[in-house]
Amino acid sequence: MRKLAAGNWKMNGTAAALDEARTLIAAHPAPTCDMLLCPPATLIAQLSALAKGTSLQVGGQDCHAAASGAHTGDIAAAMLADAGATHVILGHSERRADHGESDADVHAKALAARAAGLIAIICIGETEAQRDAGTTLDVIAAQMASVPVDMTAQNLVIAYEPVWAIGTGRTPTLDQIAEVHAFLRTRLTGRIGTTAAGVRLLYGGSVKPSNAADIFAIPHVDGALVGGASLKAADFGAIVAALSAA
Ligand code: PEP
C-alpha cells in the first residue's frame, strides 16, 4: 500500500501561499508516499496547475452532496475535479461542529465524491468528553455509518482524528492510536469487506516533524492528515520524509 501524507490548509492561504507548495515540490520531487495538499477552494485551480506532472496531488476540503443546484456558497464534487482536485476531505470535525454535519451527510457527500471520481477522505474521531467517558471505540463504531458500504480502497481513505488533538498540540499516546487504528481496520472490514485491507488509515491531530516517525511506526497507520504543520513546506516536507522512511 502506498502511504499518504495529506495536508489540510483549512481557511488559510492566499495566492502568496502557493510559494510553500512550490518549495515542497522542489524539495520532494519523488517521495515514496503520496503527497497531497488541500488548500482553500479559491486556490485549488492554481495549485493544480502548478502541481501538474509533479509529486503533489491536490484536494478539496468539503463538497456538497448534490451534483448542482441552488446551494449558495457550496461546491459540487465535479467542480473540485474540474479544478484539478483528486481527493476531498469529508466530515472533518470542524465541518461537523461548525456546520452540523452528520454521519448521514458525510455518507451522501462520499457518494457524490465517488461519482465525480474523487477519493473521499472521511474523518472520524472522538471528543475529549467521549474519550474521558471511555466511549471512544463506540463513537468510532457509530461513525462508520458515514462510510458507504460499497466504497473501496480505490476511492476511500479514513482519517482518525481525535477532536481534542486537532490544533491543540496534544496527541493520544501511541498505544491509544494503535488501539483505535486496529479497531478501525476490523470495523471497516466488517462494513466494506476485504477491500478494507487496502484503505489508507490516516492519523490526524497535532502531527508534526518531531512526532511523525513514532506515529508512522504504529501498525495500521498508513499516513497522516496534517493541519497546522502543512502550512510550512519545511514542516510538511519533514513529515513526508518521515512517512517515506516508515
Ligand atoms: C486537521 O486539521 O485535520 C488537523 C489534524 O489539524 P492539526 O494538524 O493542526 O492538529
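Residues numbered from 1 in each chain as written. Predicted model: local features only at pLDDT ≥ 70, side-chain atom pairs only at ≥ 80, totals over all residues. Heavy atoms only, no water.

**Q** Even after reading the chapter, I still don't get the pattern of salt bridges, so can you show me in this structure?
**A** Side-chain pairing between opposite charges can occur once the charged atoms of the two side chains come close. Within the structure shown, the criterion is met by 14 salt bridges. Salt-bridge contacts for Lys232 lead to Glu20; the nearest nitrogen and oxygen are separated by 3.9 Å. One end of the pair, Lys232, is in the loop between β8 (223–226) and α10 (233–245); the other, Glu20, is in helix α1 (residues 18–27), and 212 residues separate them in sequence. Note that Asp150 is salt-bridged to Arg114, the shortest N-O span being 3.0 Å. Taken together, the residues span a long stretch of sequence, with Asp150 in the loop between α7 (136–143) and β6 (156–160) and Arg114 in helix α5 (residues 103–115) at a distance of 36 residues. Several salt bridges share partner residues, and in doing so they unite Asp62, Arg95, Glu101 and Lys109 into one network. (Salt bridge = Lys/Arg side-chain N within 4 Å of Asp/Glu carboxyl O. Helix = DSSP H or I, 4+ residues; strand = E, 2+ residues; numbered from the N terminus.)

**Q** When you look at α5 in this model, what are you seeing that I'm missing?
**A** In an α-helix, one turn spans 3.6 residues; hence positions three or four apart end up facing the same way. In this model, α5 (13 residues) spans 18 Å end to end at C-alpha, consistent with the 18 Å of a helix rising 1.5 Å per residue. Turning to α5, its buried residues are Asp103, Val106, Lys109, Ala110, Ala112 and Ala113. Phi for Gly117, located one or two positions after α5, is positive at around 80°. (Expected span 1.5 Å × (residues − 1). Buried < 20%, exposed > 50% of the residue type's maximum accessible area, 1.4 Å probe, protein only.)

**Q** Would you mind going over α10 with me for this structure?
**A** Here α10 contains 13 residues, and its C-alpha end-to-end distance of 18 Å stays within 8% of the 18 Å for a straight helix at 1.5 Å per residue. For α10, the set of buried residues is Ala233, Phe236, Gly237, Ile239, Val240, Ala242 and Leu243. Of the surrounding elements, those touching the buried residues of α10 are β1 (4–8), α1, β2 (34–38), α9 (209–216) and β8. (Contact = heavy atoms within 4.5 Å.)

**Q** Looking at this structure, how should I read the packing of α7 against helix α8 (residues 174–192)?
**A** A pair of packed helices can be characterised by two numbers: the angle between their axes and the separation between those axes. Between α7 and α8, whose axes approach to 10 Å, the crossing angle comes to 35°. Where α7 crosses over α8, the two elements pack in a sense that is right-handed. Each of Thr136, Leu137, Ile140 and Ala141 in α7 lies in contact with α8, whose residues at this interface are Glu179, Val180, Phe183, Leu184 and Arg187. (Axes fitted to C-alpha atoms, helices over the stretch in contact; angles between N-to-C directions. Left-handed = near helix turned anticlockwise from the far one by under 90°.)

**Q** Please clarify how the site of the ligand should be interpreted in this entry.
**A** Among the 14 residues in the neighbourhood of the ligand, the closest are listed as Lys10, Glu161, Gly167, Ser206 and Gly227. A distance of 2.8 Å is found between an oxygen atom of the ligand and a backbone nitrogen or oxygen belonging to Gly227. Taken by itself the ligand offers 290 Å² of open surface, and the protein chains cover 95% of this. The site holding the ligand turns out to be the second largest pocket. Partitioning the shell around the ligand into residue classes produces four nonpolar, eight polar and two charged. (Near = heavy atom within 4 Å. Polar contact = N/O pair within 3.5 Å; in protein donor to acceptor, adjacent residues only side chain to side chain. Areas by Shrake-Rupley, 256 points an atom, 1.4 Å probe, with all protein chains shown as cover. 1 Å grid on protein atoms, 1.4 Å probe; cavity = no way out; pocket = protein on both sides within 12 Å on 5 of 7 lines; lining within 4 Å. Sits in = over half its atoms within 2 Å of the grid points. Nonpolar A, V, L, I, M, F, W, Y, C, P; charged D, E, K, R; others polar.)

**Q** Would you explain the environment of Val199 in this entry?
**A** Relative to the helices and strands, Val199 resides in the loop between α8 and β7 (200–204). Spatially, the C-alpha atoms of Val199 and Arg2 are 9.9 Å apart, while their sequence positions differ by 197 residues. Those residues within four positions of Val199 in sequence are excluded, and the remaining contacts are Met1, Thr152, Ala153, Leu156, Val157, Ile158, Arg185, Leu188, Ile192 and Asp222.

**Q** Which parts of the structure should I look at to understand the state of the cysteines?
**A** Disulfide: a covalent bond connecting the sulfur atoms of a pair of cysteines. Scanning all chains against the criterion turns up zero disulfides. Not engaged in a disulfide, the cysteine Cys33 finds its nearest cysteine sulfur in Cys38; these two sulfurs lie 14 Å apart. Residue Cys123 stays outside any disulfide, its sulfur separated by 9.3 Å from that of Cys38, the closest cysteine. Judged by its relative accessible area of 1%, Cys123 falls in the buried class. (Disulfide = S-S within 2.5 Å.)

**Q** Explanation requested: empty space enclosed by the protein in the structure shown.
**A** Take a probe with the size of a water molecule and roll it over the atoms, and the empty space left behind shows itself. Following the criterion strictly, the structure yields one cavity of 30 Å³ or more and no others. Taken as a whole, the largest cavity encloses approximately 30 Å³ of empty space. Taken together, Trp9, Glu20, Ala21, Leu24, Leu37, Ser230, Leu231, Lys232, Ala233 and Phe236 make up the lining of the largest cavity. The element contributing the most residues to the lining of the largest cavity is α1, with three residues. Here the lining of the largest cavity is composed, by residue class, of seven nonpolar, one polar and two charged. (Points joined across faces, edges and corners; volume = space filled by probe spheres on them.)

**Q** Quick question: what am I supposed to make of the layout of surface pockets here?
**A** In this structure, the largest pocket encloses a volume near 570 Å³. Considering the residues around the largest pocket, the lining is formed by 20 residues, among which Met11, Gln61, Asp62, Arg95 and His99 are closest to the centre. Among the elements that line the lining of the largest pocket, the one with the most residues is helix α4 (residues 93–98), at three residues. Partitioning the lining of the largest pocket into residue classes produces eight nonpolar, six polar and six charged. Looking at the second largest pocket, its volume works out to about 210 Å³. What lines the second largest pocket is a set of 16 residues, and nearest its centre among them are Gly167, Ser206, Val207, Gly227 and Gly228. Its residues assigned to classes, the lining of the second largest pocket comprises five nonpolar, eight polar and three charged.

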